[in-house]
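Given next are the chains, with one letter for each unit.
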Amino acid sequence: MSVLVFAESTEGKFKKVAFEVTSYGKKVAEQMATNLVVLTINASNTSELHQYGAEKVLHVNNDKLTVFNAKVYANVIKQAAEKENANLIIIDSSANGLYLAPIVAVNTQAGLASNVIAAPSSTSPFTVKRKAFSNKAFQNTIITSENKVVGLAKNSFGVKENEVSGSLEEFSPTISDDLFGIKSTSIDKTIGKVTIADADIVVSAGRGLKNGENWGMVEELAEVLGAATACSKPVADLGWRPHEEHVGQTGKQVASNLYIAIGISGAIQHLAGINASKVKVVINTDPEAPFFKAADYGIVGDAFEVVPKLVENLKAFKAQNE
Amino acid sequence: MKILVCISHVPDTTSKINFTEGNTQFDTNGVQYVINPHDEYSLTRAMWFKEKQGASVTVANVGEAITEPTLRKCLAIGADDAIRINTQAIDSYSVAKQLAEAIKNGNYDLVLAGKESIDYNGQMVPGMIASILDYNFVNACIGLDIDGSTASVSREIDGGKEVLTTNLPLVIAGQKGLVDEKDLRIPNMRGIMMARKKPLQVIEAVNFTAKTNAANFEKPAEKSACKMIDADNVAELVALLHNEAKVI
Ligand SMILES: Cc1cc2nc3c(=O)[nH]c(=O)nc-3n(C[C@H](O)[C@H](O)[C@H](O)COP(=O)(O)OP(=O)(O)OC[C@H]3O[C@@H](n4cnc5c(N)ncnc54)[C@H](O)[C@@H]3O)c2cc1C
Ligand SMILES: Nc1ncnc2c1ncn2[C@@H]1O[C@H](COP(=O)(O)O)[C@@H](O)[C@H]1O
């Protein structure tokens, strides 16, 4: 018996979530008094995983797996679980992780708990806390089946250093051509821009900015902070900003360390997408804006005055702390 | 083409979230139910296939009689018929199992679901249906075209999008972007009248043991009050973010 973590990489490099799921896997393996195995596919610097507690790294290197394919990857994960006799599999909540988890669960006859935010409160019965009702509540879920899959919510457990001297094993699963029922024809990525999914800080603005031409200061603020930019739904619907930036109930989920909301009223559907962020700052002309109730820090003021000042102050702060 | 749209019946987003019976049951008191917003995108795309490509559109829900008004609303929007699989939705796996059974029996070519139900936030059911049936599956779908038995699908990835090609039968988890927001439909009077006469079939559930169960619920701890900073003292905000919140 062991715990299997799938550590995702893109173009050979691990994403931050890979270290988070590994940290989580280490913790759960300790609780269950068993060992941790971390599976990686076409990753280059596998030794990085030992820093987060990976005792054993199982590494697959195969050209057929260069482009992510959920069904194929899920099959590789299943083969790894069988080989390692793992009955608990942990997967992240990136776009690919969310795609994989239900497939892996069905293929391994496992019960799946998604959106999990903490280590199990009990390992027998296996009980985990997960987000529900758009972050307005938590659900304690018991996985009753023998095999289990946990989908870990982003930025929930955190990345925890826990250096171990680990081992590396090459693994060559069977990859059947029959699994490639879906073919990737193109991948289009915004290069060089911090994405909402990966960002530690997100700077977001709403209809209070009056029109799409006023986003220069928001982008500047995001740049000083190394943040991703985001917006409210009407802003995307009006075409002021691209749809990928829309956060909320029907848009992206943000689980960043810091979320700065400028000229956003704080409608419940917007908050549903950002409640999981740790620290929230609100800048709004209206002291009665509902967003202040959900915020940690607030400034009542005109965005067109406050944001440029904030940029200036942050630049000064950065210069001092370099 | 035969399309099945999976409809999750969820509390309206503005609903108060409370629990009863020692925090083990969701308190439905005063809660308004709606079509899950992500499913609405999928239903809207299905209507396009009906109108432009002559597809038939069935909507299905796994739930008890309380979900019927939501299915009727889908019929009023334009679906041809509805199926309710009569059982309490216990966990994602059992819901997926029930839907998979109905899909197999009805020989659907295309199954459209939403990426996530906004109540239990599972993001699990569509992928499970596809895996149970061994159909192709695309998650987080933001574009779908069908030509004969070939599908061209776009999915959202972290920081961009990916275009994929595949074949029917196919399961899709749709989300915002799949259709234009302005194409979402509100049922009109005529639609509502017609919906009354459309078939809503109730079928019994197949036997299945759930793999997870919800022990109980918790509400987040009360938030402490927002710290207000003077608009003329932005430097203080920077200091607080650095020293107190430790996020910069
Ligand atoms: C089913 C459904 C799903 C939805 N999903 C989402 C979703 O996913 N995401 C989402 O965001 N919304 C969603 N909405 C819409 C949501 O209800 C709100 O309408 C929306 O969030 C409001 O956007 P806003 O705050 O940018 O605009 P407004 O509500 O117009 O707020 C603008 C704010 O800017 C402030 N302001 C004005 N001028 C300035 C200035 N100069 N400086 C600073 N502040 C200023 C105002 O005081 C006001 O608070 C959804 C709605 C429904 C019904
Ligand atoms: N009880 C249900 N009946 C029908 N479809 C459902 C049900 N629950 C979930 N679905 C479908 O599966 C999608 C994802 O749901 P979930 O996995 O619960 O987040 C939803 O958007 C629906 O399309």
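Now for a look at the structure at hand. Please read all numbers here as calculations on a predicted model, not as lab measurements.

1. Side note on the site of ligand 2
Residue and element names in this part refer to chain B.
At step 1: For ligand 2, the set of nearby residues contains 20 residues, the closest of which are Cys6, Asp39, Ser117, Gln123 and Met124.
At step 2: Within the contact set of ligand 2, a nitrogen atom lies 2.9 Å away from a backbone nitrogen or oxygen of Val62.
At step 3: Between ligand 2 and the protein, one listed contact pairs an oxygen atom with a backbone N or O atom of Gln123 at 2.8 Å.
At step 4: Starting from 480 Å² of accessible surface for ligand 2 in isolation, the protein chains cover 94%.
At step 5: When residues of the shell around ligand 2 are traced back to their parent elements, those giving at least two are β6 (56–63), α3 (92–106), β8 (110–114) and α4 (125–133).
At step 6: The dominant element in the shell around ligand 2, judged by the number of residues it contributes, is β6, at three residues.

2. Observations concerning the sheet that holds strand β16 (residues 258–262) of chain A
At step 1: One open sheet holds the six strands; their spatial order is β15(A)-β14(A)-β16(A)-β17(A)-β18(A)-β15(B), and the pairing between them is parallel. Each edge of the open sheet carries a strand with a single partner, namely β15 (228–231) of chain A together with β15 (227–229) of chain B. Averaged over all adjacent pairs, the angle separating strand axes in this sheet is 20°, with direction ignored.
At step 2: Where helix α4 (residues 216–225) of chain A meets the sheet, it contacts β14 (201–205), β15 and β16 of chain A, and its direction lies at approximately 175° from that of β14 of chain A.
At step 3: Helix α8 (residues 303–321) of chain A contacts β16, β17 (279–284) and β18 (297–300) of chain A of the sheet and is inclined by roughly 135° relative to β17 of chain A.

3. Quick notes on the sheet that holds strand β11 (residues 160–167) of chain B
At step 1: Ordered by their spatial adjacency, ten strands build an open sheet running β13(A)-β11(B)-β10(B)-β9(B)-β12(B)-β8(B)-β1(B)-β6(B)-β7(B)-β13(B), and the pairing between neighbours is mixed. Looking at strand neighbours, the two that pair on one side only are β13 (183–189) of chain A together with β13 (200–204) of chain B, the edges of this open sheet. Neighbour-to-neighbour, the strand axes of this sheet turn through a mean angle of 30°, independent of strand direction.
At step 2: Where strand β10 (residues 150–157) of chain B meets β11 of chain B, eight bridges bridge the pair, whose relative direction is antiparallel. Residue Val153 of chain B lies in a different strand from β11 of chain B, and its bridge partner there is Leu164 of chain B.

4. Observations regarding the interface of chain B and chain A
At step 1: On the chain A side, the residues contacting the 75 residues of chain B number 82 residues.
At step 2: Summed over both partners, the interface of chain B with chain A buries about 6700 Å², with 58% contributed by carbon and sulfur atoms.
At step 3: Of all residues in chain B, Asp158, Lys176 and Lys211 of chain B give up the largest surface area on contact with chain A, accounting jointly for 10% of the area buried on that side.
At step 4: Here chain B is connected to chain A by eight salt bridges.
At step 5: Lys233 of chain A serves as the salt-bridge partner of Glu181 of chain B, at 2.7 Å between the closest nitrogen and oxygen.
At step 6: Put simply, chain B and chain A have 38 residue pairs in polar contact (both at pLDDT 80 or more) between them.
At step 7: Secondary-structure elements contributing two or more residues to the side of chain B that touches chain A are α1 (37–53), α4, β9 (136–147), β10, β11, β14 (212–218), β15 and α6 (234–244) of chain B.
At step 8: Residue classes in the side of chain B that touches chain A are distributed as 36 nonpolar, 21 polar and 18 charged.

5. Examining α4 of chain B
Residues and elements named next belong to chain B.
At step 1: Burial analysis of α4 places seven of its nine residues in the buried class, which makes it a mostly covered element.
At step 2: Residues Pro126, Gly127, Met128, Ile129, Ala130, Ser131 and Leu133 constitute the buried set of α4.
At step 3: Directly beyond the C-terminal end of α4, a positive phi value near 55° is found at Asp134.

6. Regarding the packing of aromatic side chains
At step 1: Counted according to the given criterion, the structure contains 17 aromatic pairs over all chains.
At step 2: Pairing Tyr99 of chain A with Phe137 of chain B gives two aromatic rings, centres 5.3 Å apart and planes at 85°, and the pair type is edge-to-face. Here Tyr99 of chain A, found in helix α3 (residues 95–107), pairs with Phe137 of chain B, found in strand β9, and the two come from separate chains.
At step 3: Looking at Tyr99 of chain A, the relative accessible area reads 3%, which means it is buried.

7. A short note on unusual backbone geometry
At step 1: Omega for the bond connecting Ser124 of chain A with Pro125 of chain A falls within 30 degrees of zero, at -5°, which places this linkage in the cis form.
At step 2: Note on placement: Pro125 of chain A falls in the loop between β8 (122–123) and β9 (126–132).
At step 3: Of the consecutive residues Leu168 of chain B and Pro169 of chain B, the connecting peptide bond is found in the cis state with omega at -5°.
At step 4: As for its position among the elements, Pro169 of chain B is in the loop between β11 and β12 (170–174).
At step 5: The backbone phi angle of Glu11 of chain A is positive, close to 45°, even though this residue is not glycine.
At step 6: Mapped onto the secondary structure, Glu11 of chain A falls in the loop between β2 (9–10) and β3 (13–14).

8. Here we look at the side chain of Asp119 of chain B
At step 1: Along the chain, Asp119 of chain B falls in the loop between β8 and α4.
At step 2: As a buried residue without a salt bridge, Asp119 of chain B has its nearest oppositely charged side chain in Arg130 of chain A, at a separation of 8.5 Å.
At step 3: Beyond its immediate chain neighbours, meaning those up to four positions away, Asp119 of chain B contacts Ala132, Phe133 and Ser134 of chain A together with His9, Val10 and Pro11 of chain B.

What counts and how
Residues numbered from 1 in each chain as written. Chains lettered and ligands numbered in written order. Predicted model: local features only at pLDDT ≥ 70, side-chain atom pairs only at ≥ 80, totals over all residues. Heavy atoms only, no water. Near = heavy atom within 4 Å. Polar contact = N/O pair within 3.5 Å; in protein donor to acceptor, adjacent residues only side chain to side chain. Areas by Shrake-Rupley, 256 points an atom, 1.4 Å probe, with all protein chains shown as cover. Helix = DSSP H or I, 4+ residues; strand = E, 2+ residues; numbered from the N terminus. Pairing = 2+ DSSP bridges. Axes fitted to C-alpha atoms, helices over the stretch in contact; angles between N-to-C directions. Contact = heavy atoms within 4.5 Å. Buried area = accessible area lost by both parts, 1.4 Å probe. Salt bridge = Lys/Arg side-chain N within 4 Å of Asp/Glu carboxyl O. Nonpolar A, V, L, I, M, F, W, Y, C, P; charged D, E, K, R; others polar. Buried < 20%, exposed > 50% of the residue type's maximum accessible area, 1.4 Å probe, protein only. Phe/Tyr/Trp six-rings, centres within 6.5 Å; stacked < 30°, edge-to-face > 60°. Lys, Arg positive; Asp, Glu negative; His and termini not counted.

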